[in-house]
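Per-entry structural report
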Amino acid sequence: MIGALLYLRLTSLRNLVVYRVSRMRQPKYLVGTAAAAAYFYFVLLRRSAFPRTPSATALFSGVGTITMTFLCVGFSTLALLRVAYAWISPAEKPGLRFSEAEIAFLFPAPVTRKTLIHFRLLSAQLAILFTSVLMAFLFNRFGYLGGNRAMRAVGWWVILSTFDLHLNGTNLTLARLREKSSAFVAWRVAVVAAIALYLAAVVWLTAAFAKAAPPGDFSSAIGASGFIHALMDSSPLRWLLLPFRIVFGPYFASGFREFGMAMIPALLLLALHYYWVSNTEAPFEEGSIALAEKRAAAKAAALAGESPKIGGSRPRARSGPFPLSPKGPPEIAFLWKNLLSMRSSLLNRRMVLISIWVVFCLSIGLRPLLMARSRGGGADVVSPIVVMFCAMLAVYTLLLGPQVVRQDLRNDLPNADILKTYPLEGWRLAFGELLAPTVILTLSLWLSILVCAVIIDPGGSIGWLTPGVRVTTALCMASAAPFLCFIQLIVPNAIMVLLPGWYQASRSRAGGIEMFGQRLIFGVAQLLVALLAAAPAGCAAVLIIFAAQWVVGAGPAIGLACAAVLTILVGEAAVGLWWLGGRFEKLDLSADIR
Amino acid sequence: MIEVEGLTKRYGAFTAVRGLSFTVRPGEVLGLVGPNGAGKTSTLRCLAGIIPASEGSVRIAGNDLAVDPVAAKRALAFFPDEPRLFDYLTVRQHLAFVARIYGVVHYEDLARSLLAELELVEKADVLPGELSRGMKQKLVIACGLLHSPSVIFFDEPLTGLDPLGIRRMKDSIVRRARDGAAIVLSSHLLHLLEEVCTHVLILKKGDKVAVGTLAEVSTQFSNGEPNVSLEEIFIRATGGSET
Ligand SMILES: Nc1ncnc2c1ncn2[C@@H]1O[C@H](COP(=O)(O)OP(=O)(O)O)[C@@H](O)[C@H]1O
Ligand SMILES: [Mg+2]
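Residues numbered from 1 in each chain as written. Chains lettered and ligands numbered in written order. Predicted model: local features only at pLDDT ≥ 70, side-chain atom pairs only at ≥ 80, totals over all residues. Heavy atoms only, no water.

**As for the overall build of chain A**
This is how the line gets drawn: Each helix is a run of H or I in the DSSP string that is no shorter than four residues. Each strand is a run of E no shorter than two, and both are numbered from the N terminus. For each residue, the accessible area found with a 1.4 Å probe, counting protein chains only, is set against the maximum for its type, and the residue is called buried under 20%, exposed over 50%, and partly exposed in between. Contacts between residues were defined by any pair of non-hydrogen atoms, one from each residue, lying within 4.5 Å. Exposure was quantified through the Shrake-Rupley algorithm and a 1.4 Å probe, taking into account, for residues, occlusion by the shown protein chains and nothing else.
Of regular secondary structure, chain A possesses 23 helices and zero strands. In chain A, which comprises 594 residues, the share counted as buried stands at 40%. In chain A, 81% of the contacts between residues at least 6 apart in sequence involve partners at least 24 apart. As displayed, chain A has an accessible area near 31500 Å², and 73% of this comes from carbon and sulfur atoms.

**Points about the packing of aromatic side chains**
For clarity, the threshold we go by: Each Phe, Tyr or Trp ring (for Trp, its six-membered ring) is paired with any other whose centre lies within 6.5 Å, and the angle between the two planes then decides the class: stacked below 30 degrees, edge-to-face above 60, tilted in between.
By the definition in use, this model includes 15 aromatic pairs over all chains. Between Phe75 of chain A and Phe248 of chain A, the aromatic rings sit 6.3 Å apart at their centres with planes inclined by 85 degrees, giving edge-to-face as the arrangement. Of this pair, Phe75 of chain A sits in helix 3 (residues 54-88) while Phe248 of chain A is found in helix 10 (residues 242-252), placing the two residues 173 residues apart along the sequence. Under the relative-accessibility criterion, Phe75 of chain A is labelled partly exposed at 25%. Using a relative accessible area of 9% as the deciding quantity, one classes Phe248 of chain A as buried. Pairwise contacts between aromatic rings join Phe334 and Tyr422 of chain A together with Phe86, Phe97 and Tyr102 of chain B into one cluster.

**Focus on the nonpolar core**
Applied cut-off: Take the buried residues of types Ala, Val, Leu, Ile, Met, Phe, Trp, Tyr and Cys, join any two whose side-chain atoms come within 4.5 Å, and each joined set is a nonpolar core.
Judged by nonpolar contacts, the single largest core of 106 residues is most densely connected at Leu409 and Tyr422 of chain A together with Phe97, Phe154, Ile183 and Leu185 of chain B. Of all the elements, helix 19 (residues 467-498) of chain A adds the most residues to this core, at ten residues. Apart from the residues lying within four places of it in its own chain, the contact partners of Leu185 of chain B are Val29, Leu30, Gly31, Leu32, Phe154, Pro157, Ile173, Leu193, Val196 and Cys197 of chain B. Residues Val4, Ala16, Ala75 and Phe78 of chain B belong to the second largest nonpolar core, which totals 30 residues.

**Concerning the confidence of the model for chain A**
Residues and elements named next belong to chain A. Selection rule: Scored from 0 to 100, pLDDT reflects the predictor's confidence in each residue.
Confidence in the prediction of chain A, expressed as mean pLDDT, is 79, and 76% of residues score 70 or more. Contacts of residues 307-313 to residues separated by more than four positions or lying in other chains number seven contacts, the stretch itself having pLDDT below 50. Here residues 508-512 scores under 50 on pLDDT; set against residues more than four positions off or in separate chains, the count is seven contacts.

**Focus on the packing of helix 19 of chain A against helix 22 (residues 554-586) of chain A**
Residues and elements named next belong to chain A. As a reminder of what qualifies: The axes are straight lines fitted to the C-alpha atoms, using for helices just the contacting stretch, and the angles between their N-to-C directions are given from 0 to 180°. Any angle from 65 to 115 degrees is called roughly perpendicular, while one under 35 is roughly parallel, one over 145 is roughly antiparallel, and all others are oblique. Note: crossing handedness is left-handed where the near helix turns anticlockwise from the far helix by less than a right angle, and right-handed where it turns clockwise. Amino acids are sorted into nonpolar (Ala, Val, Leu, Ile, Met, Phe, Trp, Tyr, Cys and Pro), charged (Asp, Glu, Lys and Arg) and polar (every other residue, Gly among them).
At their nearest, the axes of helix 19 and helix 22 sit 9 Å apart, and the two run at 15 degrees to each other. Viewed along their axes, helix 19 and helix 22 adopt a mutual orientation that is roughly parallel. For the pair helix 19 and helix 22, the sense of crossing is left-handed. Tallied by class, residues from the contact of helix 19 with helix 22 come to 23 nonpolar, seven polar and two charged.

**Re the side chain of Arg100 of chain B**
Selection criterion: The charge count includes Lys and Arg as positive and Asp and Glu as negative, but it does not include His or the ends of the chains. Any Lys or Arg side-chain nitrogen found within 4 Å of a carboxyl oxygen on Asp or Glu counts as a salt bridge. Pairs of N or O atoms within 3.5 Å make up the polar contacts considered here, provided that, within protein, one atom can donate a hydrogen while the other can accept it, and that residues adjacent in sequence are counted only when both atoms are side-chain atoms.
Along the chain, Arg100 of chain B falls in helix 3 (residues 91-102). Within the buried core, Arg100 of chain B has no salt-bridge partner, and the shortest N-O distance to an opposite charge, that of Glu331 of chain A, equals 7.1 Å. For Arg100 of chain B, the side chain forms a polar contact with the main-chain oxygen of Lys327 of chain A, separated by 2.9 Å. Apart from residues lying up to four places away in sequence, Arg100 of chain B is in contact with Leu324, Ser325, Pro326, Lys327, Gly328, Pro329, Pro330, Ile332 and Ala333 of chain A.

**Topic: the pairing of strand 4 (residues 55-60) of chain B**
Residue and element names in this part refer to chain B. Defined as follows: Strands are treated as partners if at least two bridges between them are detected by DSSP.
As judged from the five bridges shared by strand 1 (residues 2-11) and strand 4, these two strands associate in the antiparallel manner. Along strand 4, the bridge assignment pairs Glu3 with Arg59. As paired strands, strand 4 and strand 5 (residues 63-64) are joined by two bridges and run antiparallel to one another. By the bridge assignment for strand 5, Arg59 is matched with Asp64. Two successive antiparallel strands, strand 4 and strand 5, enclose a turn made up of two residues, where Ala61 displays a positive phi of approximately 50 degrees.

**Notes on helix 7 (residues 184-212) of chain A**
Quick note on the threshold: For a helix, the expected span equals 1.5 Å multiplied by the number of residues minus one.
The terminal C-alpha atoms of helix 7 of chain A lie 42 Å apart, and with 29 residues this matches the ideal 42 Å at 1.5 Å per residue to within 8%. Among the residues of helix 7 of chain A, Phe184, Arg188, Val191, Ile195, Tyr198, Val202 and Leu205 of chain A are the ones counted as buried.

**Details of the interface of chain A and chain B**
The test is simple: The term buried area means the drop in 1.4 Å probe accessible area that two parts suffer when joined, counted for both and summed.
With 41 residues of chain A in contact, the opposing surface of chain B contributes 35 residues. Between chain A and chain B the total buried area reaches about 3300 Å² when both faces are included, carbon and sulfur atoms providing 62% of it. For chain A, the biggest contributors to the area lost against chain B are Pro326, Thr421 and Pro423 of chain A; these three give 21% of the whole. Scanning the region where chain A abuts chain B turns up two salt bridges. Here Arg45 of chain B ties to Asp588 of chain A by a salt bridge, and the two come within 2.4 Å at their closest N and O atoms. Where chain A touches chain B, the interface holds ten residue pairs in polar contact (both at pLDDT 80 or more). Elements supplying a minimum of two residues to the side of chain A that touches chain B: helix 13 (331-345) and helix 17 (416-421) of chain A. Considering only residue class, the side of chain A that touches chain B consists of 18 nonpolar, eleven polar and twelve charged.

**Description of unusual backbone geometry**
Note: most peptide bonds trans; most residues except glycine with negative phi. All names here are of chain B. Although it is not a glycine, Ser148 sits at a positive phi angle of roughly 45 degrees. If you trace the backbone, Ser148 turns up in the loop between helix 5 (133-145) and strand 7 (151-154). Note on Ser148: relative accessible area 55%, which makes it exposed.

**So, the sheet that holds strand 9 (residues 199-204) of chain B**
Residue and element names in this part refer to chain B. If you trace the six strands from one edge of the open sheet to the other, you get 6-7-8-3-9-10, paired in mixed fashion. A strand with exactly one partner marks an edge of an open sheet, and here the two such strands are strand 6 (76-79) and strand 10 (207-213). The average undirected angle you get between the axes of adjacent strands in this sheet is 15 degrees. Here four bridges tie strand 3 (residues 29-33) to strand 9, and the two strands are oriented parallel to one another. Following the sheet pairing, Gly31 is matched in strand 9 by Val200.

**Topic: the sheet that holds strand 2 (residues 14-24) of chain B**
All names here are of chain B. One open sheet holds the four strands; their spatial order is 2-1-4-5, and the pairing between them is antiparallel. Each edge of the sheet is formed by a strand with only one pairing partner; in this case those strands are strand 2 and strand 5. Its contacts with the sheet put helix 1 (residues 40-47) on strand 1, strand 2 and strand 4, and the angle it makes with strand 1 is roughly 120 degrees.

**Let's talk about the pattern of salt bridges**
For side chains bearing opposite charge, pairing can occur when the charged atoms are close. Residue and element names in this part refer to chain B. Tallied over the full model, the rule gives 23 salt bridges over all chains. Of the charged contacts in the structure, one is a salt bridge between Arg133 and Glu82, with a shortest N-O distance of 3.2 Å. With Arg133 in helix 5 and Glu82 in the loop between strand 6 and helix 3, the pair connects residues that are 51 residues apart, well separated along the chain. Given the relative accessible area of 29%, Arg133 is considered partly exposed. For Glu82, a relative accessible area of 40% translates into the label partly exposed. As a salt-bridge pair, Glu195 and Arg167 come within 3.1 Å of each other at their nearest N and O atoms. Residue Glu195 is located in the loop between strand 8 (182-187) and strand 9, and its partner Arg167 is located in helix 6 (residues 163-178); the two are separated by 28 residues in the primary sequence.

Okay, here's the thing in structure tokens:
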């Protein structure tokens, strides 16, 4: 059985690697993988460059203790809540996690339940081993705490394995209780109450300790980490947290001796868990089948290009953003459709954006107040901050916005075949698809330009910055904004059209390292294009303003520069659009996604 | 009217379709038949202008697909094997969207009669996620027929439907042909096409094995034996094995 499992995993892995490597014969995949590899080499494997002076080491180990404590508290809380959730709302039929293919082959096979459980545990082990090694490298930064990578990896392995075993044990116990015991509900209430009591006790004890402790020096990391150590050693808490201390012990060990000592109780606890899981006789098959079906459906939905539904909420039918008449340019139909799809799937993100903007609008209201203060002789510190915030938001909108607002070709990738039967040239189709995100990003830019224009008022201290110049500049920037957004949106769409396979992989959550490399390239490409697109326009603007302001004055010079900038940006957008449309016409989805 | 001359489709070094030539006149229904992987979908995707043909020419309603794709596409409708819909558009909004794309100015009446014919009236304000597979397929068809195409392609239109659905789909296809459309449909089952097709073209690994009316193809492969079933003819024509 175990041989079969190993065969299955190793063969799958080998085939995956062979497939990926053979795909690298296409230069686009080779380049992508190389980028990811380079990043991993430089960021993860390179030695960390922290200073090694004693005071710096103390400081860093203080910060490290705090960070790691938060990490552990976070992980433990999540684990505890996850277990509590399993007890509060057990699945209709609790089960173990198998894939559909595994169920089809294994469940009818002549093996015992115990063997199936072992199969499940072992196959989880392979994933856990991989994750442990990866985590040890990822959190390499805490190297100054002592210990080495191998010990950290083992530490992670202990933590993840214990959690995996505990969750499996919980599910099996639940399945058994549901079948055997009439007091199923009573059992659940009791366990949930125990967990709640435990959590309450820990929180209360922590609060009590904090109150009783002398007002320590929390301003420095060293002081804070000292507090944490004292807290963990305080009497009742020490015993209450014992299970977690055991599990996290090897991970925190700073030397081989300490590590060995910590491993003994940790392995004992792990063995207890193993005994629990392998000796719980429970009917888990039906639950596992239901679970596998659910997971397969979610995966299929992701592959089909649907965004994961948060909280399982389904999209609701809505009326269009404006009435769509059958006459007129067909591009507007795409704007209409994409705005419509945005309204349901982007609602949460939009709420965030809106609340940010409310804050900004309030800042406009604050302006008279600020003015009054600066007139009273006080320095105005608020408006530079607001302006900086605005500028940062504008930069984010231009660089990250295109990755966030993706109601364009990217969302329509699964429907590419249908789009291509429409009687539209490729560029018109691409133009229509890009309109909706362009509108959203442009609105965001306009707001930040507006806030800046209102807030920046040196009040005559800079001679040439007259209200007229300010208004002209704001208007010119506002008129360039849509074209900049449009050019920035061409980038992710072009990447998708060039690398549809990669793009799909990132949506199915199965991309792993490839997906990471992809994100990296996306970001770099976005930045590069932004610079390349802005450079000629920016140079032209500077030259024109510099040359013309002597002749016609600042305001008209800015207007002149704006005309040049617009011409350049429109030209760039047109070339990009024409190219994107051509690529889309040639795109064959079935060639990449197979 | 569909005119195909020497259509060849290659994926890299692999040739999926080799030198197909045929003509489908208004009112005719050509069944593209062959085992899985024979090249039916590739052929249809080339005919609908989704992927470019490697060689050969395709004329749709007199317009060469390579020279004037927009005019050619204006006259055609393509129905893929899986119903493809927009997740956030209701049935009615799908029709409004398609009407704008094709510039169907007075689409409301046509849309109403299509919805009635396809029994979608009650679902007019529902998102695709709440529709059954059969109803999704109907919606796809309503969208495709809104601009009154004169050339229609169906890829595996009968797969995944229940017997009643198959019956209705067949009726619907026959009705479009009677109204003067030139239709090509694909299937890996010859006997399902019996009542629908005026002509069949049997494909095997990208090659044309036989073409003609159903009767002609039957006599070609029955070797003079009487009462050979269409299933048997299909197996003889394609060598039986699936590749
Ligand atoms: N994008 C593609 N790239 C490479 N080979 C393909 C691609 N699409 C289809 N094929 C191959 O072309 C052949 C014909 O496929 P297809 O037209 O889908 O057949 P059918 O629809 O008759 O089942 C198959 O062998 C398939 O593997
Ligand atoms: Mg097919």
